[in-house]
Amino acid sequence: MKKFELAFETCPMPLMLVAEDGEIMMTTADLDEMFEYDTGAMIGRPVEMLVPQKMRGAHPDLRKAFMRMPTKRAMGQGRDLYGLTRTGRLIPVELGLHPVRVEGVQYALVVALDISQRKAREEQTQAVIDASASAIVMVDETGNIVFVNRATCTLFGYEAAELLGRPVEWLVPDRLRRAHSVYRHSAQTTREAGPMGADRKVFARHRNGVEFPVGIVLTPVETSSGRMMMSTIIDLTERVAVEAEMAEKARELEALNVELSSFANSASHDLKAPLSSIAGLLQLCLDDIDEGDIAEVRRNLRQALEISFRSAQKVERVLSIARVGR
């Protein structure tokens, strides 16, 4: 045990040596400081003193299981793990467990890392991403969801815990899931960000089974855990509805233009004949005036007036019909 004493005195890392029954045998100064104890104050006390109250009852069984099958392992990666300080403060930690035998006795060498700053950065990053109006989904190389933001939960109707670890096809309509897996494998080979389905319509599936159109931009991301694919998703339901409405309005306008063209042709034809007749009658009036035949002038003028009245009535009826149609 003497050889460990010197190592613990000079080690710049937060370490402790724990006996099989949970008794703390040694600690480094960094570990004492991390848990807010005076130097050596934890020696001889149970390691459960550093475990939060809600986990303290189960910890002895976990400790005994480790001592029965001692293997090097990390704790706290992928889940939240906390230590309890002397003042009752909880600090997020990652633990490394290393089995050690000293003079035939089994011990556990524990490396404890305070990850408070890392957790704070992660929370800040999460807050920034949650503030995004677009849904963001991160998928690993196997196609499983490893991260979602708040907008994703709102868009798809799930809680974050319900999506994490599931295949991304969970968010794809049943009829498209097989094809999507092929598209996903192809997308994972790309090195640049770009839209998904640029040449086709893309649909997603809400928790209630309703399908809706989406726009998706894929961005490959290199992480310490491997290559990830980040999907930025926008709900296009309103845009598609507006586009459909505009297309319907365009069809209506096209039909109206055809009708107006037909009306113009018909109106021009209907007005040209009586105007020609009136012009002819007026010419006859001029000729009759030159000859002094006033009676014929009066007869031609009456006929011209009758044609004018009938034409005016016809135009008024057409305008009335047009107003009703509009």
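Structure's up top.
This text gives an overview of the structure that appears in the document. For clarity, every value in this text was computed on a predicted model and none was experimentally measured. (Residues numbered from 1 in each chain as written. Predicted model: local features only at pLDDT ≥ 70, side-chain atom pairs only at ≥ 80, totals over all residues. Heavy atoms only, no water.)

1. Examining the overall build of the protein chain
Rules: The helix count covers DSSP runs of H or I at least four residues long, the strand count covers runs of E at least two residues long, and both are numbered beginning at the N terminus. Note on exposure labels: buried denotes an accessible area under 20% of the residue type's maximum, exposed denotes more than 50%, and partly exposed covers the range between, all computed with a 1.4 Å probe on protein chains only. Here a residue-residue contact requires only that any non-hydrogen atoms of the pair lie within 4.5 Å. Here the Shrake-Rupley method, with its probe set to 1.4 Å, supplies the accessible areas, and only the displayed protein chains count as covering residues.
For the protein chain, the helix and strand inventory stands at 10 helices and 12 strands. Taken over the C-alpha atoms alone, the protein chain extends approximately 150 × 40 × 35 Å along its principal axes. When the 326 residues of the protein chain are sorted by exposure, 32% land in the buried category. Within the protein chain, residue pairs in contact and separated by at least 24 positions form 42% of the contacts whose partners lie at least 6 positions apart. Summed over all atoms, the accessible surface of the protein chain reaches about 21000 Å², with 57% contributed by carbon and sulfur.

2. As for the packing of aromatic side chains
Keep this limit in mind: Each pair of aromatic rings taken from Phe, Tyr and Trp, with Trp reduced to its six-membered ring, is defined by centres within 6.5 Å and is described as stacked if the planes are under 30 degrees apart, edge-to-face if over 60, and tilted in the remaining cases. Only when the NZ of Lys or the CZ of Arg is both within 6 Å of the ring centre and within 35 degrees of the ring normal is a charge said to sit over the ring.
In the structure shown here, the tally under the stated rule is 1 aromatic pair. Measuring from centroid to centroid gives 5.7 Å for Phe-156 and Phe-212, while their planes differ by 50°, and the two rings are tilted. Separated by 56 residues along the polypeptide, Phe-156 in helix H6 (residues 150-156) and Phe-212 in strand E11 (residues 211-223) bring together distant segments of the chain. Each member of the pair Phe-156 and Phe-212 is classed as buried. One Lys or Arg, Arg-175, reaches over the ring of Phe-203 and ends 5.7 Å from the middle of that ring.

3. Observations concerning the pattern of salt bridges
The line we're drawing: Any carboxyl oxygen of Asp or Glu within 4 Å of a side-chain nitrogen of Lys or Arg constitutes a salt bridge here.
Taken as a whole and judged by the stated rule, the model has 10 salt bridges. Glu-48 is the partner of Arg-63 in a salt bridge, and the nearest nitrogen-oxygen pair spans 3.1 Å. Residue Arg-63 is found in helix H4 (residues 59-68), and its partner Glu-48 is found in the loop between helix H2 (29-34) and helix H3 (53-56); the two are separated by 15 residues along the sequence. Neither residue differs from the other here; Arg-63 and Glu-48 are each classed as buried. As a salt-bridge pair, Arg-251 and Glu-248 come within 2.6 Å of each other at their nearest N and O atoms. Here the residue Arg-251 and the residue Glu-248 both occupy positions in helix H9 (residues 237-291), the gap between them amounting to 3 residues, near one helical turn. Exposure remark for Arg-251: the relative accessible area of 47% places this residue in the partly exposed category. Judged by its relative accessible area of 34%, Glu-248 falls in the partly exposed class.

4. Brief notes about the pairing of strand E6 (residues 105-114)
To keep it simple, the criterion reads: At least two DSSP bridges between two strands are required for those strands to pair.
Where burial is concerned, most of E6 is hidden: 7 out of the 10 residues are buried. Alignment of strand E1 (residues 15-19) against E6, held across 5 bridges, turns out to be antiparallel. Across the sheet, Met-16 pairs through a bridge with Val-110, a residue of E6. Direction of pairing for strand E5 (residues 90-102) relative to E6: antiparallel, over a ladder of 10 bridges. Within E6, the position partnered with Val-93 by the bridge is Asp-114. Between E5 and E6, which pair antiparallel in sequence order, lie 2 residues; one of them, Glu-103, sits at a positive phi of approximately 55°.

5. Quick look at the side chain of Thr-152
We count it as follows: Any N or O atom pair separated by 3.5 Å or less is treated as a polar contact, with the protein-specific requirement of one donor-capable and one acceptor-capable atom, and with residues adjacent in sequence counted only for side-chain atom pairs.
Tracing the backbone shows Thr-152 in helix H6. By relative accessible area, Thr-152 is classed as buried at 0%. Within the structure, the side chain of Thr-152 is placed 2.7 Å from the side chain of Asn-149, a separation counted as a polar contact. Beyond its immediate sequence surroundings of up to four residues, Thr-152 is in contact with Ala-135, Ile-136, Val-137, Gly-157 and Leu-163.

6. With respect to a nonpolar patch on the surface
We apply this condition: Patch building starts from residues that exceed 30% relative accessible area and form no salt bridge, then joins like charges within 9 Å and nonpolar side chains (Val, Leu, Ile, Met, Phe, Trp, Tyr) within 5 Å.
Together, Leu-271, Leu-275, Val-315 and Leu-319 give the surface a local cluster of nonpolar side chains, amounting to about 310 Å² of exposed area. Listed by contribution, the elements that provide at least two residues to the nonpolar patch are H9 and helix H10 (294-325). Following the sequence through the fold, Leu-319 ends up in helix H10.

7. Digging into the environment of Arg-45
Within the element layout of this structure, Arg-45 appears in the loop between H2 and H3. When the C-alpha atoms of Arg-45 and Val-18 are compared, they prove to be 9.8 Å apart, with 27 residues separating the residues in sequence. Residues contacting Arg-45, with those up to four places away along its chain left out, are Gly-22, Glu-23, Ile-24 and Tyr-37.

8. Some words on H4
To keep things clear, this is the line we draw: It is the directions from the helix axis to the C-beta atoms whose arc is reported.
Here H4 has its buried residues at Arg-63, Phe-66 and Met-67. Down the axis of H4, the smallest arc covering the buried residues is 100°, so these residues share one side. Exposed side chains of H4 directed beyond 90 degrees from the buried face belong to Asp-61, Leu-62 and Arg-68. The secondary structure elements touched by the buried residues of H4 are E1, strand E3 (73-75), E5 and E6.

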